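Report on the structure
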Amino acid sequence: MIVLSKEQIEEMVDPDQMMDQIEEAYRIYGSGEFYMPPRPTVEHENKQLMYMPCYTKDIIGTKILSIFPENSKLGLPSIDGIVLLNDYTTGAPLAVMDGQSVTAWRTGAVGGACAARDIHTVYVFNHSDRDLTDYLERLKKAIDKEDVKVVQCKAVEELVRNSDIICTTTPSTTPVLPDDKELLRGKCIIAIGSYMPEMREIPDAVLDLVDNVYIELPYACEESGDLSQPLASGKLTKDRIKLMHEYLISGEKEIKEGQTTYFKSVGMGLFDVCIAQKLYEVAKEK
């Protein structure tokens, strides 16, 4: 059995391969050649364990995440965990991997902005007064492009005004973007947080600007407050919610100039399995 640490994954990871694996996951989803039950969550005293099993026709993968929000007070990551791969035929364990790294790379590959686009400046805003010096340095290193600047914003309005692509990654229970249609018009919005019904990052103004909301799987409509709350209020209707794999397979990828787009991601075990399988294959080659 192979054991891969965060450092080993960072040494061998290829961002382009990771994005290819996300596209492969969408292809598999469209083919139906997988089994992925709803992910159970066990919560006690604001401590969560989330289990994300998934079978493909080639391999079985399970990600076990610990989500401990209070870790921020200790200077530790709020999300940690492992990914376990099993042989599809025998069930024998094949690999155990650092869950933080697999989660980070699959989440980053879903948006893929700096790898897929000619980005020259990344603007960062944090809702708390936490010192971001170390984070900004790590972000700059992760982007790994000398001509890309990383700038910390003093207000979310500054970030929105200066950005073409906006990624939200918070556990907020109230929208983190301004409810201002003119400020949000023409933006590409990739919402990564809001993985529980009480969480919400995206304001109603975005729903007024877009024709459709793109998601990964129907379960997201129940799981994410970014979808369930506006569905309940009537601000969003189910006919406007489209599955991303259908969009990609259709080939209708042309975005009109000035069009506002909104992709709501809650992640899925199929992403983790495809990413972990590629890391396992690369590790075996090495």
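Residues numbered from 1 in each chain as written. Predicted model: local features only at pLDDT ≥ 70, side-chain atom pairs only at ≥ 80, totals over all residues. Heavy atoms only, no water.

Next up on the list: the pairing of strand E6 (residues 79-87). Pairing geometry for strand E5 (residues 59-67) and E6, over nine bridges, is antiparallel. Of the residues in E6, the one forming a bridge with Gly61 is Leu85. In this sheet, strand E7 (residues 93-98) lies alongside E6 in antiparallel orientation, the contact comprising five bridges. Within E7, the position partnered with Leu84 by the bridge is Val96. The hairpin formed by E6 and E7 contains five residues between the paired strands, and Gly91 there has a positive phi angle of roughly 80 degrees. (Pairing = 2+ DSSP bridges. Helix = DSSP H or I, 4+ residues; strand = E, 2+ residues; numbered from the N terminus.)

Here we take up helix H5 (residues 133-143). Burial in H5 covers these residues: Leu136, Leu139 and Ile143. Each buried residue of H5 sits inside an arc of 60 degrees when the element is viewed along its axis, so together they form one side. Facing away from the buried surface of H5 by more than 90 degrees, the exposed residues are Asp134, Glu137, Lys141 and Ala142. Against helix H4 (113-116), strand E8 (121-124) and strand E9 (149-152) lie the buried residues of H5. (Buried < 20%, exposed > 50% of the residue type's maximum accessible area, 1.4 Å probe, protein only. Arc of directions from axis to C-beta. Contact = heavy atoms within 4.5 Å.)

Take a negative patch on the surface next. Judged by side-chain charge, Asp118, Asp144, Glu146 and Asp147 come together as a negatively charged surface patch. By the element assignment, Glu146 lies in the loop between H5 and E9. You can call Glu146 exposed: its relative accessible area is 83%. (Patch = residues over 30% accessible without salt bridge, like charges linked within 9 Å, V, L, I, M, F, W, Y side chains within 5 Å. Areas by Shrake-Rupley, 256 points an atom, 1.4 Å probe, with all protein chains shown as cover. Salt bridge = Lys/Arg side-chain N within 4 Å of Asp/Glu carboxyl O. Lys, Arg positive; Asp, Glu negative; His and termini not counted. Charge placed at Lys NZ, Arg CZ, Asp CG, Glu CD.)

Okay, the packing of helix H2 (residues 15-31) against helix H12 (residues 269-285) next. Relative to each other, H2 and H12 sit at 130 degrees, their axes nearing to 9 Å. Relative to H12, the element H2 is oriented oblique. As for the relative orientation of H2 and H12, their crossing is right-handed in sense. For the pair H2 and H12, contact is made by Gln17, Met18, Gln21, Ile22, Ala25, Tyr26, Ile28 and Tyr29 and by Leu270, Phe271, Cys274, Ile275, Lys278, Leu279 and Val282, respectively. The class makeup of the residues in the contact of H2 with H12 is twelve nonpolar, two polar and one charged. (Axes fitted to C-alpha atoms, helices over the stretch in contact; angles between N-to-C directions. Parallel < 35°, antiparallel > 145°, perpendicular 65-115°, else oblique. Left-handed = near helix turned anticlockwise from the far one by under 90°. Nonpolar A, V, L, I, M, F, W, Y, C, P; charged D, E, K, R; others polar.)

All right, on to a nonpolar patch on the surface then. There is a patch of nonpolar side chains on the surface, built from Tyr35, Tyr55 and Tyr88 and spanning about 340 Å² of accessible area. Along the chain, Tyr88 falls in the loop between E6 and E7.

The subject of this paragraph is H2. One turn of the α-helix equals 3.6 residues, which is why residues spaced by three or four share an orientation. Under the 1.5 Å per step criterion, the end-to-end length of H2 is 25 Å for 17 residues, consistent within 8% with the ideal 24 Å. Within H2, the full set of buried residues consists of Met18, Met19, Gln21, Ile22, Ala25, Tyr26, Ile28 and Tyr29. For H2, the N-terminal capping position is held by Asp14, with its side-chain oxygen 2.9 Å away from the main-chain nitrogen of Asp16. (Expected span 1.5 Å × (residues − 1). Polar contact = N/O pair within 3.5 Å; in protein donor to acceptor, adjacent residues only side chain to side chain.)

Next up on the list: the confidence of the model for the protein. Per-chain confidence: the protein averages 90 in pLDDT, with 97% of residues scoring 70 or above. The weakest mean pLDDT in the protein belongs to helix H11 (residues 244-250) at 74; the strongest belongs to E7 at 97. (pLDDT = per-residue confidence, 0-100.)

A word on the pattern of salt bridges. Taken as a whole and assessed by the stated rule, the structure comprises twelve salt bridges. The partner of Lys73 in a salt bridge is Glu70, with the nearest N and O atoms 2.8 Å apart. Note on Glu70: relative accessible area 40%, which makes it partly exposed. Here Arg200 and Asp204 are joined by a salt bridge, their closest N and O atoms 2.7 Å apart. For Asp204, a relative accessible area of 29% puts it in the partly exposed group. Sharing partners across several salt bridges, the network here consists of Lys63, Arg106 and Asp272.

Counted according to the given criterion, the structure contains zero disulfides. Not engaged in a disulfide, the cysteine Cys221 finds its nearest cysteine sulfur in Cys54; these two sulfurs lie 19 Å apart. Overall, Cys221 belongs to the buried group, its relative accessible area being 12%. (Disulfide = S-S within 2.5 Å.)

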